[in-house]
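Residue strings, one per chain:
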Amino acid sequence: MRQSRKNLLITIVSLILSVILGILSHDIILGGTILFTGLLSAYFASQGRKIQYLLSVINYALMGYAAFRNQLFGSASFYILACLPLQIWGYRQWGKNSDKSGEVKRRKFTLKTSIIVIASCLIGSLIAGYLLSLIPTQRLSWLDAASNCVNLCGIILMTMRYAESWWIWMVNNVLDLTIWTIILIDGSSAEAPMMFATSTAYLLINIYGAIKWQRESKIQHQNRAK
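What you see is a predicted model; the values in this text were computed from it and never measured.

Cut-offs used in this document
- Residues numbered from 1 in each chain as written.
- Predicted model: local features only at pLDDT ≥ 70, side-chain atom pairs only at ≥ 80, totals over all residues.
- Heavy atoms only, no water.
- Phe/Tyr/Trp six-rings, centres within 6.5 Å; stacked < 30°, edge-to-face > 60°.
- Buried < 20%, exposed > 50% of the residue type's maximum accessible area, 1.4 Å probe, protein only.
- Lys NZ or Arg CZ within 6 Å of the ring centre and 35° of its normal.
- Salt bridge = Lys/Arg side-chain N within 4 Å of Asp/Glu carboxyl O.
- Helix = DSSP H or I, 4+ residues; strand = E, 2+ residues; numbered from the N terminus.
- Contact = heavy atoms within 4.5 Å.
- Patch = residues over 30% accessible without salt bridge, like charges linked within 9 Å, V, L, I, M, F, W, Y side chains within 5 Å.
- Areas by Shrake-Rupley, 256 points an atom, 1.4 Å probe, with all protein chains shown as cover.
- Axes fitted to C-alpha atoms, helices over the stretch in contact; angles between N-to-C directions.
- Parallel < 35°, antiparallel > 145°, perpendicular 65-115°, else oblique.
- Left-handed = near helix turned anticlockwise from the far one by under 90°.
- Expected span 1.5 Å × (residues − 1).

*Asks:* Can you walk me through the packing of aromatic side chains in this structure?
*Replies:* To describe a pair of aromatic rings, one takes the distance between the centres and the angle between the planes. Taken as a whole and assessed by the stated rule, the structure comprises eight aromatic pairs. Considering the side-chain rings of Y43 and F44, the 5.2 Å spacing of their centres and the 65° angle between planes classify their relative orientation as edge-to-face. Here the two residues Y43 and F44 agree in accessibility, since each one is buried. Aromatic rings pair up to connect Y53, W94, W166, W169 and W213 into one cluster. In this structure, R106 is placed above the aromatic ring of W213, and the distance from its NZ or CZ to the ring centre is 4.7 Å.

Here it is in C-alpha cells:
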C-alpha cells in the first residue's frame, strides 16, 4: 500500500511538472508528453518494474519525431529503429527474471564487461560519427553519434538487468545536455527548451536510479550468497 501511494504521488508530480514546463516552453503536447512518459519510465525502471518498457515505447517514438524535426537524423533513426524494438525484448527479459513481488533481479559488472562496454561505446561513436558527418544537413554529428551509442549501451545493459546501466545513462545525459544547450543557444528549435528540461530531469532521476540499483543489487547478491 505504501509503495502504491508513492507511485501515485510520483505520477501526479511528474504530470504537474510536465504541464508546467510544457506551458512555459510553449510545447505542452509533444514536449510535455515526452517529459511525462520519460520521467515515469525512468522512475519505474529505478523501482525494477517492467511497466517502464511500455512507457518507453511512447517516449522513444515521440523523441524520434522531435529529433527528426531538428535534423538530428542519427538520433531519430536510433530511437525508432533501435530503441523501440529493444523495449519489447526488455519487457520479455524482465518478465522472465523477476521475483514473486514483480521486482527484477539485478546484476553487476565484471572487469571483462566493463572493458567490452567502454570499447563498444568508443568504436561505435567513431563509426557512427563519421557516417553522420556525410549527411549534408546533419547537425552535431559527433555529439549525436556519441549520445546514441552510449544510450544504446545503456538500454541493452538495462534489459540485461545490469545496475551499471544507470551510470552509462548519466554519461548520455551529459552528452544530451550539451547537444540541446547548443541548439537552445542557437535559437533554431521550438523544442529545445523542453528537450533541455527533459535531459536535466533524466540526469537527476538517473542519479537516483544508480544509487538505488547499486544498493538493491548488493542486497540481492548477499541474499543469494547465504
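*Asks:* Just to check I follow, could you spell out the pattern of salt bridges for this structure?
*Replies:* A pair can form between side chains of opposite charge whenever their charged atoms are brought close. A complete count under the given rule lists two salt bridges for this structure. Between K108 and E164 there is a salt bridge, with the nearest N and O atoms lying 3.9 Å from each other. One end of the pair, K108, is in the loop between α4 (73–96) and α5 (111–133); the other, E164, is in the loop between α6 (141–159) and α7 (165–186), and 56 residues separate them in sequence. Look at E164 and you get buried, because its relative accessible area is 13%. The shortest N-O distance in the salt bridge between D186 and R139 comes to 3.4 Å. Note that D186 is positioned in helix α7 and R139 in the loop between α5 and α6, a separation of 47 residues in sequence.

*Asks:* Just to check I follow, could you spell out the environment of N173 for this structure?
*Replies:* Among the secondary structure elements, N173 is positioned in helix α7. Remark: the alpha-carbon pair of N173 and T198, spanning 25 residues in sequence, is separated by 9.7 Å. When sequence neighbours within four positions are dropped, the list of residues in contact with N173 reads S199, Y202, L203 and N206.

*Asks:* What is the right way to look at a nonpolar patch on the surface in this model?
*Replies:* Taken together, the side chains of I118, L122, I123, L126, I127, Y130, L131, L134 and W142 present a nonpolar region at the surface, about 1,000 Å² in accessible area. With seven residues, α5 is the largest single contributor of residues to the nonpolar patch. Tracing the backbone shows L122 in helix α5. The class of L122 is exposed, set by a relative accessible area of 56%.

*Asks:* Please explain the packing of helix α3 (residues 51–69) against α6 as it appears in this structure.
*Replies:* In a packed pair of helices, the relevant descriptors are the angle between the two axes and the axis-to-axis distance. Here α3 crosses α6 at 160°, and the two axes come no closer than 13 Å. Compared by their axis directions, α3 and α6 come out roughly antiparallel. Of the two elements, α3 crosses α6, and the hand of that crossing is left-handed. Contacts from Q52, Y53 and Y60 in α3 reach N151, I155, M158 and T159 in α6.

*Asks:* Even after reading the chapter, I still don't get helix α2 (residues 30–46), so can you show me in this structure?
*Replies:* For the α-helix, the turn length of 3.6 residues means that residues three or four positions removed from each other point alike. Here α2 contains 17 residues, and its C-alpha end-to-end distance of 24 Å stays within 8% of the 24 Å for a straight helix at 1.5 Å per residue. Burial analysis of α2 places 15 of its 17 residues in the buried class, which makes it a mostly covered element. Trailing α2 by a residue or two, G48 shows a phi angle of about 75°, which is positive.

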